[in-house]
Amino acid sequence: MLSFFNHLSLEARFVIALGLPLAALFWLAFSGAIEHQKLAVNMAELESLTRLAVEAGELVHALQVERGMSAGLLGSAGRHFSERIVVARDGVDHRVTGFIAHLEAVDIDALSTQSQLTEQVNHYALPQERLQVDNRYLSFLRDFESITTLFQGLGALRQRTDELAISSQEAVSQYTQITRQLNALVGRLTHLTDEGPINRRLGAYHALLMAKELAGLERATLSDALADWMLSSSQYRRMVQLSGEQTAHLATFHSLAAADTREDLRAALDHPERQPLEAFRERVLDRPAIAALGVSPEQWFTWQTARIEGIKAVEDGLASDILATAQRLQDAARIDLAKYLAVTLLVALATVGLSFLILRHIQARLTLAANVFQHTQDGITVTDPSATILDLNDAFTRITGYSRDEAIGQNPRILQSGRQDTAFYQALWRQLTTTGSWQGEIWNRRKNGEVYAELLTINAVHDERGKLQNYVAVFSDITDRASEHQRQLEHSAYHDPLTGLPNRMLLSDRLTQALGTSRRSDKALVVVAIDLDDFKALNERYGHALGDRALELLAQRLRATLREGDTLARLGGDEFVAVIEELATVADAEPILQRLRHETTTPLQIGDLRVSCSASLGATAFPEDSGDADTLLRHAHQALHQAKLNGRQRLQWFDPQQDRQQSAQSRLVQRLEAAMANHELTLHYQPKVDLGTGRLIGVEALLRWQDPLRGLVPPGEFLPTIEQHPLSITIGHWVIETALRQVATWQDQGLRLTVSVNINALQLQQPDFVASLRRHLACHPGLAANCLELEILESAAIGDIQRAGEVIRECRALGVGVSLDDFGTGYAALEYLKYLPAERLKIDRTFIHNMLDDSGDEAIVKGIIGLARAFDFQVIAEGVETQAQGCRLIELGCREAQGFGIARPMPAEALLDWHRRWEPPSRWLQAGCDTPREDPSPVDHA
């Protein structure tokens, strides 16, 4: 056989030597085709199951939203979420339909036919473990089918929720049962594939699903607590548990997800708009009084929903990535299968043709390689492993100026320009030795000293044993292109790529310069923030391409509206800022602002389409608003936000005075919150007496602030500022609780008194006011309810007098007394007496002060006393300072009074001593004997 082979020609030997490997290659191709056919089928299954899992994740999200709103609806006894929950349920129904459709699209029975392929494997004696049918897929699909039975109970659950016939906790539990099973099945998918590109993504996707599920449970738990105005111990433990579990799942996500996906989640959770939510969650975990949080259930729901939507956005992006990866794997498997089939058919034909072509073209390729090396326009160098130049082409000499003799034997470092530091070259060699190649732009120096830019590619060449033989470097001169690129980079750094307008960085610079010019020239300047209304809807309706074109056209219009020296910038999205300079007065900007508004409301013609839009504008003017550039921009955006709140499509000016007032209120609120935490608030008590007998009948609790720096601060300096702020409600509850505690102490000391506390309109109108009052009383079972009297400020404009009347009736039903304070000074008249079922009227001190000298004031006092008698009210006067005033009040029929003429407000510990020393004026006692009391107080103050 060997002799026969030796007698063959060189070409015949070559063909035989090539034919045997080709025959082996044919068998390998055929075997590979079978293997890749199974791989293609598996990839199709994987892609189908992955889509089903992603649809399950979308369904989980929709169920989480419905669960949270159901909890809020039940927790608030139907007061909240009644409209929004309808939309949430529609979303769930849509997702259930989509999920079932995906499930029905998977033919489970067809998967069993893969067993036929197993028989083929046995027939051809191929590795069976590569093609064995994975029954895990079938089990996974059947588990998905079983969960659809859970959806049948949704209707009954919703009906019970609408009828408020189920507790919030039970509803959340039933919703969670569905979402938990869906999440568990999605988690199982991570174990159904050994494909690394998909396995880690699925693990990260499942971790994100679980974190979002826990965030939804957190939303439902705290919504329930806020609705009840009380965070129970079990709810607090649940919040702590949910927070910890979220942290664990997010840590799992970070360990599995790609860097860009982790960054997306970090950006979603650390966004400045999430800061109020994170601060609120931390406060909840500190377990304060729930009233101190000052957040409504809907506000909390909106915050937490925005956080969940942020996680959802990352989840959607990850799901898209998983599906795309599965599709790529499937496509790759199909392509590989096609390749193997093609190779199998072509190997036989290639045997003859390849032999001929190889013999014919070996010499031609060698000649071509030599020609390319010498005649290419790119410089080429070949070095040994130590980077010594062995060969180079003519283009190297033309670009660098070094001749062949000058360069061979040298190291390429002779070209270094010094612009790249040592760290750059260390990184270059590290990548080259690790990956075998490096490509990038580099600045080198020619022989004549001229610095030039080159695009350089270096590749390592190894022999058949993997030993490094050479480095081959190919480079081209890109100096002109690099210079132009530098100019483009500088332009793009300061301009918006879509409209060509200045960006935020250039706007800040120009605005700073404009402010300097305005200060020097004593000219006005106006900054206008412009934001399109409902631009998102335009994008969704017509597409982003048309939306971008609309922004370009609008930018051209707005720029043409401004003057030569003015600036129009785009900050991103649909937001623009205009800077109008060199104005003699702010009023000179009005025509320009009107033109801007006109241009934003004029329809845009884009091709055959006519697009209508509108914009809201927020403006601020220098020097009235005397801040720096960043401050003016912030104030313009604050005004823009107010314009949006006021109905959009309008211009809103920033009000510096109002801003200062709001800032002052914010600072005061912060100081008062700190004062409460530091126990700086205290109550003083002013006695109330029966003028005719001198008997102590009660006290009024008056709030004082013991400021460490200012001393004792009266309430008139801080309460009016916060009376519409939620903090006033917190302070009001503190006053009630503190006053009741003090009354209990006096009672233990043998003094039974009625204490009155002031209630403002905001606290009175809280939905849970009566429930909170009932809890306060329940904390002091030794006190009778009639020991507490609520003084409703008549000077406060109570918006819903009918509702206020209902609350007062409920308070009186508890046994609590109610009086109208400062009567005659505020908004009310006979209507208050008709609808507010109080027991007592308090005559304001302003009428008592001058009643002896001013007949008008005395007439008012008489009128109030007459009204009290007509409506069966008791009456008390405040501000009594002289004995004469007390005598006159007794004569007019008002026997109850308080004021400096009796006693100033005093700390609680001073009251007993004052009571022992109190002696009423004899004139009052004589007047009281002459004028008997017609309507003695029914409360026992003995």
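One can find the structure itself at the top, above this paragraph.
These figures come from a predicted structure and were not determined experimentally. (Residues numbered from 1 in each chain as written. Predicted model: local features only at pLDDT ≥ 70, side-chain atom pairs only at ≥ 80, totals over all residues. Heavy atoms only, no water.)

Undergrad: Can you walk me through unusual backbone geometry in this structure?
TA: Across the junction of Phe-622 and Pro-623, the peptide omega takes the value 20 degrees, indicating a cis bond. Mapping Pro-623 onto the fold places it in the loop between strand 11 (615–622) and helix 24 (629–645). We note that Ala-77 has phi near 55 degrees; this positive angle belongs to a residue other than glycine. Judged by relative accessible area, which is 47%, Ala-77 ranks as partly exposed. (Helix = DSSP H or I, 4+ residues; strand = E, 2+ residues; numbered from the N terminus. Buried < 20%, exposed > 50% of the residue type's maximum accessible area, 1.4 Å probe, protein only.)

Undergrad: Where do I start with the environment of Arg-809 in this structure?
TA: For Arg-809, the location among the structural elements is in helix 30 (residues 801–814). Counting along the chain gives 29 residues from Arg-809 to Ala-838, while the straight-line C-alpha distance between them is 8.2 Å. When near neighbours in sequence (up to four residues on either side) are disregarded, Arg-809 contacts Tyr-835 and Pro-837. (Contact = heavy atoms within 4.5 Å.)

Undergrad: Is there a simple way to think about the pattern of salt bridges in this case?
TA: Close approach of charged atoms lets side chains of opposite charge pair. Evaluated as defined, the whole model comprises 42 salt bridges. The partner of Asp-463 in a salt bridge is Arg-465, and the shortest N-O contact between them spans 3.6 Å. Residue classification places Asp-463 among the buried positions, given a relative accessible area of 17%. Using a relative accessible area of 66% as the deciding quantity, one classes Arg-465 as exposed. For Arg-840, the salt bridge is made with Glu-896, and the minimal N-O distance between the two is 3.1 Å. Here Arg-840 is found in strand 19 (residues 840–843), whereas its partner Glu-896 is found in strand 21 (residues 896–898), with 56 residues between them in sequence. Among the residues examined, Glu-896 registers a relative accessible area of 3% and is labelled buried. If you follow the salt bridges from partner to partner, you end up with Lys-688, Glu-700, Glu-789, Glu-791, Arg-840, Lys-842 and Glu-896 in one network. (Salt bridge = Lys/Arg side-chain N within 4 Å of Asp/Glu carboxyl O.)

Undergrad: Looking at this model, I keep getting lost on the packing of helix 33 (residues 855–870) against helix 34 (residues 883–892). Mind explaining?
TA: Angle between the axes and distance between the axes: these two values describe a pair of packed helices. One way to put it is that helix 33 packs onto helix 34 with a least axis distance of 11 Å and a crossing angle of 40 degrees. On the basis of their axis angle, the class for helix 33 and helix 34 is oblique. Judged by the twist between their axes, the crossing of helix 33 over helix 34 is right-handed. Of helix 34, the residues touching helix 33 (which contributes Glu-858, Val-861, Lys-862, Ile-865 and Arg-869) are Arg-888, Leu-889 and Leu-892. Tallied by class, residues from the contact of helix 33 with helix 34 come to four nonpolar, no polar and four charged. (Axes fitted to C-alpha atoms, helices over the stretch in contact; angles between N-to-C directions. Parallel < 35°, antiparallel > 145°, perpendicular 65-115°, else oblique. Left-handed = near helix turned anticlockwise from the far one by under 90°. Nonpolar A, V, L, I, M, F, W, Y, C, P; charged D, E, K, R; others polar.)

Undergrad: How should I be thinking about the sheet that holds strand 1 (residues 379–383) in this particular structure?
TA: Sheets are built from strands paired through backbone hydrogen bonds, the pairs being either parallel or antiparallel. The five strands are arranged 2-1-5-4-3 in an open sheet whose pairing can be described as antiparallel. A strand with exactly one partner marks an edge of an open sheet, and here the two such strands are strand 2 (389–392) and strand 3 (437–445). Here the average twist between neighbouring strands, direction ignored, is 25 degrees. Relative to strand 4 (residues 451–462), strand 3 runs antiparallel, the two sharing nine bridges. Across the sheet, Gly-440 pairs through a bridge with Leu-456, a residue of strand 4. Against the sheet, helix 18 (residues 422–435) touches strand 3, strand 4 and strand 5 (468–477), its axis set at about 150 degrees to strand 3. (Pairing = 2+ DSSP bridges.)

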